[in-house]
Amino acid sequence: MNKAWNCLPNGTINGLHQCHPVMDWSQPGYAEWFREYPISLFGTREEAAELFDGLMVDGAGYFPNVPWMVGGGNISITRFKTGFTAEMLGLRQAQLEFAKLNNGLIFDNGGVATNTDPSFPDLSWRHVSGAIGSGSFLEWYGTFGDLNKDGTFNASKINISINGVIDAASHGYPVVLKSAPGPGTVPFPMRGWGKDQGRSEHNSFYVTEWKGPAGPVPNSSVADRAGAAKYVEEALALFLIVVEPNIFWSYAWFYGMVDGYIPCPDNMVWDNVTMDIECGMPSQWYSEFERPLGPPHSPAVCTNDTVWTREFVHASVLVDLGKSIGRH
């Protein structure tokens, strides 16, 4: 399999600590292997048809400016573009196979909101989701990936995201959006698995960094929950600007259930020890999710490339990218 990895110019792996390996889709046989491997994980094709709904492909966009996407900088633009073209063709073949199996769907991560690159000046979702015939997953929509270093909205990046999502969805391609609370930039570290409370089994999660002057960095589960509640309206407003029946949204610090997808109690008592439950969501369901909305009166309207508005039967939505305001 070494020939299937892109890293150094000769296509070999130089160690994960020195180079992030990237699959080389132009290698003979790789697309066929990728297409069949998920199905082979099941006992039979009949079982796969019953249980296999689809596949999310991480890093499926065109990002030659991201070092780990180009093997730590060791892959030329020409070679990267050749690999990208081969990947889209391979994923298209896989999408056709999964659809034939049980209407399964591939979701690419990174294909909707793509900045124009000099090496691919007409790049859009059509070259990824459209080429594959798939859905798309947009990671960190309107959150730290779309923020300036001072924590304000990057209007250019968010406009690319919004317009890409609207355009792809209007052409029938489903889009799944992932948002995180406000200016959180590193939502990954753990807190030692509860050693501070003498237990190793309870949840552990916290945030270490904010972008800009957002206030104290959350360094406890209580602060995490307060931060999630503080920024939910901003994130929800950005979703409502684009929402359609084939656009879906999630809001949490990261991807684990503990990271904010369900309410959890403030604390629990275990063996007579009161423990704080480290969960990224408040102990009550977000009240914003319970308010009546109704269908939209029309698509969203953008003024001066910074102010997005949209009217629903029971809500008015405003996102001001110039002032970093999102409310409904």
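Residues numbered from 1 in each chain as written. Predicted model: local features only at pLDDT ≥ 70, side-chain atom pairs only at ≥ 80, totals over all residues. Heavy atoms only, no water.

*Asks:* A description of the sheet that holds strand E5 (residues 135-139) should follow, citing residues and the corresponding values.
*Replies:* With respect to topology, 5 strands assemble into an open sheet ordered E3-E4-E5-E6-E7, the strand pairing being parallel. Looking at strand neighbours, the two that pair on one side only are strand E3 (54-57) and strand E7 (247-251), the edges of this open sheet. Strand-to-strand, the axes of this sheet are offset by a mean angle of 20°, without reference to chain direction. Of the pairings in the sheet, the one linking strand E4 (residues 105-109) to E5 comprises 3 bridges and is parallel in character. Across the sheet, residue Asn 109 finds its bridge partner in E5, namely Phe 137. Along the sheet face, helix H5 (residues 155-170) touches E5, strand E6 (175-179) and E7 and points at about 155° away from the line of E6. Contacting E6 and E7, helix H6 (residues 221-242) crosses the sheet at an angle of about 170° to E7. (Pairing = 2+ DSSP bridges. Helix = DSSP H or I, 4+ residues; strand = E, 2+ residues; numbered from the N terminus. Axes fitted to C-alpha atoms, helices over the stretch in contact; angles between N-to-C directions. Contact = heavy atoms within 4.5 Å.)

*Asks:* Lay out the pairing of E7 with the relevant residues and their values.
*Replies:* Most of E7 sits out of view: 4 of its 5 residues are buried. Pairing analysis gives 5 bridges linking E6 to E7, with the strands arranged parallel. When the bridges of E7 are listed, Lys 178 appears paired with Ser 250. (Buried < 20%, exposed > 50% of the residue type's maximum accessible area, 1.4 Å probe, protein only.)

*Asks:* Give me the lowdown on the pattern of salt bridges, citing residues and values where you can.
*Replies:* The full count for this structure, using the stated rule, is 6 salt bridges. Of the charged contacts in the structure, one is a salt bridge between Glu 97 and Lys 100, with a shortest N-O distance of 3.7 Å. Taken as a pair, Glu 97 and Lys 100 lie in helix H3 (residues 77-102) at a separation of 3 residues, close to a single helical turn. For Glu 97, a relative accessible area of 14% corresponds to the buried category. Given the relative accessible area of 64%, Lys 100 is considered exposed. Salt bridges here are not isolated pairs; linked through shared partners, they connect Glu 36, Arg 45, Glu 97 and Lys 100. (Salt bridge = Lys/Arg side-chain N within 4 Å of Asp/Glu carboxyl O.)

*Asks:* I'd like to hear about H5, residue by residue, with values.
*Replies:* In this model H5 runs 22 Å from its N-terminal to its C-terminal C-alpha over 16 residues, within 8% of the 22 Å that 1.5 Å per residue would give. Taken as a whole, H5 has its buried residues at Ile 158, Asn 159, Ser 161, Ile 162, Gly 164, Val 165, Ala 168 and Ala 169. Summarising the contacts, the buried residues of H5 are in contact with E5, E6, H6, E7, strand E10 (301-303) and strand E11 (307-311). In the stretch just after H5, Gly 172 is the one whose phi turns positive, near 95°. (Expected span 1.5 Å × (residues − 1).)

*Asks:* So, the environment of Leu 96: which residues are in play, and what are the values?
*Replies:* Residue position: Leu 96 is located in helix H3. Classification of Leu 96 by relative accessible area gives partly exposed; the value is 46%. Taking the C-alpha atoms as reference points, Leu 96 and Arg 35, separated by 61 residues in sequence, lie 9.7 Å from one another.

*Asks:* Tell me about the confidence of the model for the chain, residues and numbers included.
*Replies:* If pLDDT is low for a region, its predicted coordinates should not be looked at in detail. In this model, the chain carries an average pLDDT of 81, and 76% of its residues clear a pLDDT of 70 or more. Counting contacts from residues 191-202, a segment whose pLDDT is below 50, to residues more than four positions away or on other chains yields 27 contacts. (pLDDT = per-residue confidence, 0-100.)

*Asks:* So what about a nonpolar patch on the surface? Which residues, and what values?
*Replies:* A contiguous nonpolar patch, built from Trp 33, Tyr 37 and Leu 41 and spanning about 330 Å² of accessible area, is present on the exposed surface. Tracing the chain through its elements places Trp 33 in helix H1 (residues 30-40). (Patch = residues over 30% accessible without salt bridge, like charges linked within 9 Å, V, L, I, M, F, W, Y side chains within 5 Å. Areas by Shrake-Rupley, 256 points an atom, 1.4 Å probe, with all protein chains shown as cover.)

*Asks:* Can you explain the nonpolar core? Please cite residues and give values.
*Replies:* With 46 residues, the main nonpolar core has Ile 162, Val 165, Leu 177, Phe 239, Ile 241, Val 242 and Tyr 251 as its most contacted residues. Residue contributions to this core peak at 11 residues, all from H6. Other than its neighbours up to four places away in sequence, Ile 162 contacts Tyr 141, Leu 238, Ile 241, Val 242 and Trp 308. (Core = buried A, V, L, I, M, F, W, Y, C linked by side-chain atoms within 4.5 Å.)

*Asks:* Give a description of H1 that names residues and reports values.
*Replies:* Within the span of H1, buried status applies to Tyr 30, Ala 31, Phe 34, Arg 35, Pro 38 and Ile 39. The inward-facing, buried residues of H1 abut strand E2 (22-23), helix H2 (45-51), E3 and H3.

*Asks:* Break down the packing of H1 against H3 for me, with residues and values.
*Replies:* The contact between H1 and H3 brings their axes to 9 Å, and the two run at 30°. Relative to H3, H1 is oriented roughly parallel. Of the two possible hands of crossing, H1 and H3 adopt the one that is right-handed. Contacts between H1 and H3 involve Ala 31, Phe 34, Arg 35, Glu 36, Pro 38 and Ile 39 from the first element and Gly 90, Leu 91, Gln 93, Ala 94, Glu 97, Phe 98 and Leu 101 from the second. Classifying every residue of the contact of H1 with H3 by side-chain character gives 8 nonpolar, 2 polar and 3 charged. (Parallel < 35°, antiparallel > 145°, perpendicular 65-115°, else oblique. Left-handed = near helix turned anticlockwise from the far one by under 90°. Nonpolar A, V, L, I, M, F, W, Y, C, P; charged D, E, K, R; others polar.)

*Asks:* Tell me about the environment of Asn 103, and name the residues and values.
*Replies:* With respect to the helices and strands, Asn 103 occurs in the loop between H3 and E4. Take Asn 103: its relative accessible area is 69%, and that puts it in the exposed class. Separated by 50 residues in the primary sequence, Asn 103 and Asp 53 have C-alpha atoms spaced 7.7 Å apart.

*Asks:* Lay out the packing of H5 against H6 with the relevant residues and their values.
*Replies:* Axis separation between H5 and H6 bottoms out at 9 Å; the angle between their running directions is 40°. With respect to H6, the element H5 is oriented oblique. Here Ile 158, Ile 162, Val 165 and Ile 166 of H5 come into contact with H6, specifically with Leu 238, Ile 241 and Val 242. Partitioned by chemical class, the residues of the contact of H5 with H6 number 7 nonpolar, no polar and no charged.

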